[in-house]
Amino acid sequence: QNEIILSVANPIPSKYSTQYDLEEQGKVVDYVIIMGYDEHYKGSPESGPVASLAFVQKGIEDALKKVPAEKLINAVPFYTRLWKEVLKTEEELAAQEGTDAAEYPYNVTSQAYGMSKIKVAIETAGAEIVVDKETGQNYAEWEADGATYKVWLEDEVALEEKLKLMKEYKLAGVASWRLGFESSSVWELILKYVN
């Protein structure tokens, strides 16, 4: 009545998000948004991309089983995680024996960066950016302070691949998390795909 558009944001469909009833939401709201990110998140036991192309595609395909394409929006990350891996000591491994953490030989921490700030961090480290074909993203890695640093970039290259999926699956559009983390060039790219 008031010409207000209602949308609901949800994690991508998975065994951990079954409490989000996408099918029912799709009957009630104008748009269902799936958050196509946090494949690897703060506190993740291993380093990895925030949103690899395969992860995003599976999220879209699973959501389309419950929500029509004209109501589905995929949200993309404007942030990247810089991962720091430090090899666990024998004592740490022994203490973790029998737990899930024992599967991973590294202590892993991460910090979120916006698009521009992560490029500065990579340049400061003198690292080379290479293409990771498996994830559909640019990647950089370097050693410093007894640790290995890894980053799968959420940049214009990764964003364009995700926008191509939006078009391929005829989704209602794209959302993002979060404003202020993007570089100004992403808006022209987004307009190229949503107009």
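Quick caveat, the model's predicted, so the values are computed rather than measured. (Residues numbered from 1 in each chain as written. Predicted model: local features only at pLDDT ≥ 70, side-chain atom pairs only at ≥ 80, totals over all residues. Heavy atoms only, no water.)

Q: A description of the pairing of strand β3 (residues 72–77) should follow, citing residues and the corresponding values.
A: With six of six residues buried, β3 lies mostly within the body of the structure. Alternating residues of β3 divide into L72, N74 and V76 and I73, A75 and P77, and every residue in both groups is buried. (Buried < 20%, exposed > 50% of the residue type's maximum accessible area, 1.4 Å probe, protein only. Helix = DSSP H or I, 4+ residues; strand = E, 2+ residues; numbered from the N terminus.)

Q: Talk me through unusual backbone geometry; I want residue IDs and the actual numbers.
A: Trans is the common state for peptide bonds, and a negative phi is the common state for residues other than glycine. A cis geometry characterises the amide bond from W177 onward to R178, with omega recorded as 0 degrees. With respect to the helices, strands and loops of the structure, R178 is situated in the loop between β9 (173–177) and α6 (186–194). Backbone geometry at D38 places phi at a positive 70 degrees, although glycine is not the residue there. Even without glycine at this site, K170 takes up a positive phi of about 55 degrees. Relative to the helices and strands, K170 is located in the loop between α5 (156–168) and β9.

Q: For the side chain of T148, give the residues involved together with the corresponding values.
A: Considering the arrangement of structural elements, one finds T148 in strand β8 (residues 147–153). Accessibility expressed as a relative area gives 11% for T148, which makes it buried. At a separation of 2.9 Å, a polar atom in the side chain of T148 contacts the side chain of E143. (Polar contact = N/O pair within 3.5 Å; in protein donor to acceptor, adjacent residues only side chain to side chain.)

Q: Give a detailed account of α6, specifying residues and quantitative values.
A: Turning to α6, its buried residues number three or more, namely V186, L189, I190 and Y193. The arc that holds the buried residues of α6, viewed along the axis, is 95 degrees, so those residues lie on one side. Facing away from the buried side of α6, by more than 90 degrees, are the exposed residues E188 and K192. Against the buried residues of α6 lie α4 (115–125), α5 and β9. (Arc of directions from axis to C-beta. Contact = heavy atoms within 4.5 Å.)

Q: Tell me about the sheet that holds strand β1 (residues 7–11), and please be specific about residues and values.
A: Ordered by their spatial adjacency, four strands build an open sheet running β1-β2-β3-β9, and the pairing between neighbours is parallel. Single-partner strands in this sheet number two, and they are β1 and β9. Looking at each pair of strands side by side, their axes are set apart by 30 degrees on average, direction ignored. Where β1 meets strand β2 (residues 31–35), five bridges bridge the pair, whose relative direction is parallel. Pairing of V8 across the sheet is with V32, part of β2. Against the sheet, helix α2 (residues 53–64) contacts β2 and β3, and its axis sits at roughly 160 degrees relative to β3. (Pairing = 2+ DSSP bridges. Axes fitted to C-alpha atoms, helices over the stretch in contact; angles between N-to-C directions.)

Q: Summarise the nonpolar core; cite the residues concerned and give the values.
A: Counting 31 residues, the largest nonpolar core has I34, I60, L72, L159 and L163 as its most contacted members. By size, the runner-up hydrophobic cluster in this structure holds twelve residues, among which are A121, A127, A140 and Y149. (Core = buried A, V, L, I, M, F, W, Y, C linked by side-chain atoms within 4.5 Å.)

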